[in-house]
Amino acid sequence: MSAASCLLTEDQFLCSICLDVFTDPVSTPCGHNFCKTCITQHWDIKVPFQCPNCKELFYTRPELRVNTFISEMAAQFRQSAQQKASSSSSEQQAAKPGEVPCDVCTGTKLKALKSCLVCLESYCETHLEPHLTRSSLKKHQLIDPVENLEGRMCTNHDKLLELFCKTDQMCVCMLCTVLDHKTHDVVPLKKEYEGKKAELGKTEAEIQQMIQKRRVKIQEMKHSVGLSKENADREIADGVQVFTALKESVERSQAELIDSIKEKQRKTEKQAEGFIKELEQEISELKKRSTEVEQLSRSEDHLHLLQSFTFLNAAPPTKNWTEVEVCPPSYEWTVVRAVNQLEETLIKQMKKLLAEAELKKVQQSSVDVTLDPDTAYPKLILSNDGKQIKHSDVKKNLPDNPERFDTCPCVLAKQSFSSGRFYYEVQVKGKTTWDLGVARESINRKGQITAAPEDGYWMIVLRNEKEYKAFANPSVRLSLESQPVKVGVFVDYEEGLVSFYDVDAAALIYSFTGCSFTEKLYPYFCPGPNYGGKNSAPLIISPVNHTE
């Protein structure tokens, strides 16, 4: 029996209904074999009675008996197959949570490799073999393993959902297209799948783009928070510095007030102590004279009394204390005067500290500025690095291009600004004349220039060594406590603000406010005429050393 079973193929031991090894095999009158349960259930559903293999019809339900020969052969084959499956299952992996298990495996469910859309079952490597070897099963449609295969069947016609109705936006079977969806726009499932997949790809790209935009926005927000924290820390530090300085001023004024009052009190006490000491000395002398007078008055010696009387009767040398008095010093206005003086000091100090804080803040907008030789007046000498400029008495032969100043000894920077804030510093040490500021792009550069805001210039100037002016309309004479050595120029384009600072004194020199900027702005420099060497020092664009 064992040798004979080796001559039989595997297909001969499989039921064509359940696709598994026969269990209680029975033979139909046409000679085909099935599991007793499988053919019985098949005929319970399908009427008339028909062979599932050859389609032969039986007018009466055949009486079925177990074929003992095939049953024994199937049992032997099942044992052999189980041994084979057992050895192969050790190499295959059991289905993990989330993976599709084999529907045929008993006991430990192995991981399914494929699902059959005809059988509506999933198979592991061992149980998939019939679909790969049997000609009748090779025609079945295999897909990657999926769960809920019943959901791929039409609930109305028990047929595979292999078409898509674009009209009703639903999956349908072949029978649906000739019945309920006869006039609808129906396409193969694969075609609609490819279209929808393309849409999903586009949607996925859009989603990824949205994700990326939001990630960028998150980074922007984090950057803004970081900048906010830096600004907050900087403002806190500046505020602590200002209030510490003010607190120290108050404490210093308080100490000075206390010392002043105590000094007055010490002087009063010292004066009183001197008077009291002098009075006590006189009292001591008077007591001594009183004792002598008393003793003389009790004397019985006539001659001695008369001889001593003149001396003792005369008043001893004493001071007239009638007009002498110790006047307590008045403290009534001491505190008021101290507070008024403190107020003046604090106001001056606050202005200085605020100016320092303001300068420190505008210095954060520092930019690199270099001179543009194409705009320079021919008598100007520019350094190779474009950072220094001075006037000479020799006029160079330069092309008279539209950008060049031909009469006024000035030059613009290469850099222009049409938004935001910018700041730069210029050393003016040793100069008797200079002009500094900004100018708009469309200024007149030929002939004599009228330097005023309405003409496109916002600048301050030095004339005759000590005369400082702001070229507003009309000009404003500037009163400065000290002559600037380095001038800072700050512009806030959107705010319409141009400010000038004495960098070393950390003081605001002048501000143009309410300006309306509509063009590019260029830093403007004029070292002034040489004046025979009196004004030969250069204007120097200096690196910004941020105020500590």
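Residues numbered from 1 in each chain as written. Predicted model: local features only at pLDDT ≥ 70, side-chain atom pairs only at ≥ 80, totals over all residues. Heavy atoms only, no water.

1. Some remarks on the overall build of the protein chain
Secondary structure assignment for the protein chain yields 9 helices and 23 strands. Over its C-alpha atoms the protein chain spans a radius of gyration of 57 Å, topping by over 25% the 24 Å that the globule rule assigns to 548 residues. Dimensions along the principal axes, computed over C-alpha positions, put the protein chain at roughly 190 × 100 × 50 Å. A buried classification covers 34% of the 548 residues belonging to the protein chain. If you take every contact in the protein chain between residues at least 6 apart in sequence, the share linking residues at least 24 apart comes to 57%. Surface exposure of the protein chain reaches about 34700 Å², of which carbon and sulfur atoms provide 53%. If the 69 positive side-chain charges of the protein chain are averaged to one point and the 77 negative ones to another, these points end up 5 Å apart. (Helix = DSSP H or I, 4+ residues; strand = E, 2+ residues; numbered from the N terminus. Rg over C-alpha atoms; globule rule 2.2 N^0.38 Å. Buried < 20%, exposed > 50% of the residue type's maximum accessible area, 1.4 Å probe, protein only. Contact = heavy atoms within 4.5 Å. Areas by Shrake-Rupley, 256 points an atom, 1.4 Å probe, with all protein chains shown as cover. Lys, Arg positive; Asp, Glu negative; His and termini not counted. Charge placed at Lys NZ, Arg CZ, Asp CG, Glu CD.)

2. Section: the sheet that holds strand β21 (residues 507-512)
Here 7 strands make up an open sheet; going across it, the order is β11-β12-β23-β14-β19-β20-β21 and the pairing antiparallel. Each end of this open sheet is capped by a strand with a single partner; those strands are β11 (380-382) and β21. Going from strand to strand, the sheet's axes swing by 20° on average, the running direction of each strand aside. The sheet contact formed by strand β20 (residues 497-502) and β21 spans 5 bridges and is antiparallel. Directly across from Asp 502, in β21, lies its bridge partner Ala 507. Sitting on the sheet, helix α9 (residues 334-362) touches β14 (421-427), β19 (486-492), β20 and β21, and the angle it makes with β20 is about 120°. (Pairing = 2+ DSSP bridges. Axes fitted to C-alpha atoms, helices over the stretch in contact; angles between N-to-C directions.)

3. Section: the side chain of His 140
Relative to the helices and strands, His 140 resides in the loop between α5 (135-138) and β7 (142-143). Looking at His 140, the relative accessible area reads 18%, which means it is buried. Contacts of His 140, omitting those with residues within four sequence positions, involve Cys 116, Val 118, Cys 119 and His 131.

4. What to know about the sheet that holds strand β9 (residues 170-172)
Read across the open sheet, the 3 strands follow the order β9-β8-β10; overall the sheet is antiparallel. For this open sheet the edge positions go to β9 and β10 (186-188), each flanked by a neighbour on one side alone. Along the sheet, successive strands turn relative to each other by an average axial angle of 35°, direction set aside. The pairing of strand β8 (residues 163-165) with β10 spans 3 bridges and is antiparallel. Bridge pairing links Leu 163 to Pro 188 in β10. Sheet strands in contact with helix α7 (residues 189-297) are β8, β9 and β10, and its direction is about 85° off that of β10.

5. As for the pattern of salt bridges
When charged atoms on two side chains of opposite charge get close, those side chains can pair. Enumeration according to the criterion identifies 15 salt bridges in this entry. In this structure, Arg 298 engages Glu 294 in a salt bridge whose closest nitrogen and oxygen atoms are separated by 2.9 Å. Taking relative accessible area as the criterion, Arg 298 reaches 53% and is therefore assigned exposed. A relative accessible area of 44% places Glu 294 in the partly exposed class. Beyond isolated ion pairs, a larger network of salt bridges with shared partners links Lys 166, Glu 192 and Lys 196. (Salt bridge = Lys/Arg side-chain N within 4 Å of Asp/Glu carboxyl O.)

6. Considering the nonpolar core
Residues Trp 434, Ile 460, Phe 512 and Phe 525 are the most contacted members of the largest nonpolar core, which totals 38 residues. The contact partners of Phe 525, leaving out residues within four places of it in the chain, are Val 369, Leu 371, Pro 409, Cys 410, Val 411, Ala 413, Tyr 424, Val 426, Asp 435, Leu 436, Leu 539 and Ile 541. (Core = buried A, V, L, I, M, F, W, Y, C linked by side-chain atoms within 4.5 Å.)

7. Some remarks on a nonpolar patch on the surface
A contiguous nonpolar patch, built from Leu 175, Val 178 and Leu 179 and spanning about 250 Å² of accessible area, is present on the exposed surface. Locating Val 178 in the fold gives a position in helix α6 (residues 174-178). (Patch = residues over 30% accessible without salt bridge, like charges linked within 9 Å, V, L, I, M, F, W, Y side chains within 5 Å.)

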